[in-house]
Amino acid sequence: MPTKTIVDASIPNAGRVYDYLLGGHHNFEIDRRAAEQVRLATPFLPKLMRLFRWCLQDLAYELTYVRGYDAIVDFASGLPTADHLHSAVAPGTTVIYSDRDPVCVEYGLEILENTPNVHYFQADCRQPIDYLNRPEVQALLKDKRRVAYIYWGISMYLTDEEIHKIAQDLHDYSDDSSTMAFYLQPYNQNTENGVQVRELYKKMGDELHFRTLPQFKELFKPWVADDLGYRTMEEWHGVESPLTAEDMVWFPDGTVGWGVYLVKGK
Amino acid sequence: MLAQHDQAVETVSLSSEDQAVLAGKLLQAMREHMYSNRMQVPPRRIKELAENEIALIVDFLDKGESQIINEHGMTLAREGLGQKSIVAMASAFRLGVWKIINQQPDFLPTMNLVEDYTNALLNGYMTAYEEEQRREQQRTHEAFVRTTTNS
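So, how was this worked out
- Residues numbered from 1 in each chain as written.
- Chains lettered and ligands numbered in written order.
- Predicted model: local features only at pLDDT ≥ 70, side-chain atom pairs only at ≥ 80, totals over all residues.
- Heavy atoms only, no water.
- Helix = DSSP H or I, 4+ residues; strand = E, 2+ residues; numbered from the N terminus.
- Buried < 20%, exposed > 50% of the residue type's maximum accessible area, 1.4 Å probe, protein only.
- Contact = heavy atoms within 4.5 Å.
- Polar contact = N/O pair within 3.5 Å; in protein donor to acceptor, adjacent residues only side chain to side chain.
- 1 Å grid on protein atoms, 1.4 Å probe; cavity = no way out; pocket = protein on both sides within 12 Å on 5 of 7 lines; lining within 4 Å.
- Points joined across faces, edges and corners; volume = space filled by probe spheres on them.
- Nonpolar A, V, L, I, M, F, W, Y, C, P; charged D, E, K, R; others polar.
- Core = buried A, V, L, I, M, F, W, Y, C linked by side-chain atoms within 4.5 Å.

Q: Even after reading the chapter, I still don't get unusual backbone geometry, so can you show me in this structure?
A: Here the bond from Lys221 of chain A into Pro222 of chain A is cis, since omega is 10°, no more than 30 degrees from zero. Tracing the backbone shows Pro222 of chain A in the loop between α10 (213-220) and β6 (223-225).

Okay, here's the thing in structure tokens:
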């Protein structure tokens, strides 16, 4: 989640740390040092990040080819690199990316250049309705309410209240056939290393928040999981757990995370 | 290179059984390093990549066109195949072919051809990887300049 340190290359930034751990080059020495500290405390983190990032193209395919959405609004998008949603959606789909980080937005616009039907705006994912009502977004959605929303890999930067408000607001805003794709990050933050990681992120200006699956389900209400349910990343990709027995202490539910398509309850 | 290739054609013999064995070794090597891959190479693509690699190898042993392999290496870098994956893949290929053909007479020309293949693959990969790094650096720089100018 971008913070006030975004444009300051002398302070580590969580977004750039994330990029480095994913093998990108949109980062600086200060970020790489912070990332190595994070990696030391949580050696499994790069694998975990890859697992949820690998889902993006699946989301694009599922939402557009299978479920027929022609508009995707993605929040806290990060860099729209070649693997991102727009490269795998059905032709004619409008993809609207957003991020709070102005550098990310500028960078994203350059990557996208004039890619048809793909847009990138600066916005705070915690205020989805303000964003959706902005004239530039409305000009694209044309008051369309059947939209697929995506919050992927952002839950740890959001408080309970924020997640619940996002869920409520989007539920009220969208029509009955809308979907919200969400990645849920569990974690046992009470371990010694867990405290250390939270402190590291706090120094970067970000508070981390983790929850159990039942807690997430409660926060998403009135949205519910569709028939695919809450799928672990291991199930999603058909791989064995990347966690060692030692790592398992961090993940009391035995998985690195879940992905879900939330729909409106009957 | 061509002379070497002509000589090798007579000695190389990768039956479909050999190809299946080789594909298995590539798959295993790539699975071990799948977490080095970036986003366009999720786990489910690994099998397809390994099979494609075998098809390219067989074609190369037949025709010896290193430019195609060089371009293939570039594509793999752009798609996000990890550095560890490509090194493991080249190593598995080299060892795999050697195990298959080392009992045959005159296997050295074939191994030279295998070297040509892995060199072309790795060279292409590294060229594209470096290009991508430079492009990302430039974009980062320009994005920062524009952001600070705009703010």
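Q: Sorry, what's going on with helix α5 (residues 102-112) of chain A here?
A: Summarising burial for α5 of chain A: nine of the 11 residues are buried, a large majority. Within the sequence span of α5 of chain A, burial applies to Val103, Cys104, Val105, Glu106, Tyr107, Gly108, Glu110, Ile111 and Leu112 of chain A. The secondary structure elements touched by the buried residues of α5 of chain A are β2 (94-99) and β3 (118-122) of chain A together with α6 (108-150) of chain B. Near the N-terminus of α5 of chain A, the side chain that reaches the backbone nitrogen of Val103 of chain A, with its oxygen 2.7 Å away, is that of Asp101 of chain A. The first or second residue beyond α5 of chain A is Glu113 of chain A, which carries a positive phi of 45°.

Q: In this structure, what is going on with empty space enclosed by the protein? I would like to understand it.
A: Applying the stated criterion across every chain yields a total of two cavities of 30 Å³ or more. Taken as a whole, the largest cavity encloses approximately 660 Å³ of empty space. As for the largest cavity, its lining consists of 44 residues, and the residues nearest its centre are Gly15, Tyr18, Phe52, Gly153 and Tyr157 of chain A. Elements supplying a minimum of two residues to the lining of the largest cavity: α1 (14-21), α3 (45-53), β1 (71-75), α5 and α9 (192-203) of chain A. Counted by class, the lining of the largest cavity contains 26 nonpolar, 10 polar and eight charged residues. The space that makes up the second largest cavity amounts to roughly 40 Å³. For the second largest cavity, the full set of lining residues is Leu56, Asp59, Phe60, Lys63, Glu65, Ile68 and Ile69 of chain B. Those elements that provide at least two residues to the lining of the second largest cavity are α3 (46-63) and α4 (66-79) of chain B. Counting residues per element, the lining of the second largest cavity draws most heavily on α3 of chain B, at four residues. A per-class count over the lining of the second largest cavity returns four nonpolar, no polar and three charged.

Q: How should the nonpolar core be read in this particular structure?
A: Across soluble globular proteins, you tend to see nonpolar side chains buried next to one another. By size, the foremost hydrophobic cluster in this structure holds 135 residues, and its most contacted members are Trp152, Phe182 and Tyr201 of chain A. A per-element tally of this core places α6 of chain B first, with 11 residues. Every residue in contact with Trp152 of chain A, bar those within four places of it in the chain, is listed here: Phe52, Cys55, Leu56, Leu59, Ala181, Phe182, Tyr183, Met233, Trp236, Gly259 and Val260 of chain A.

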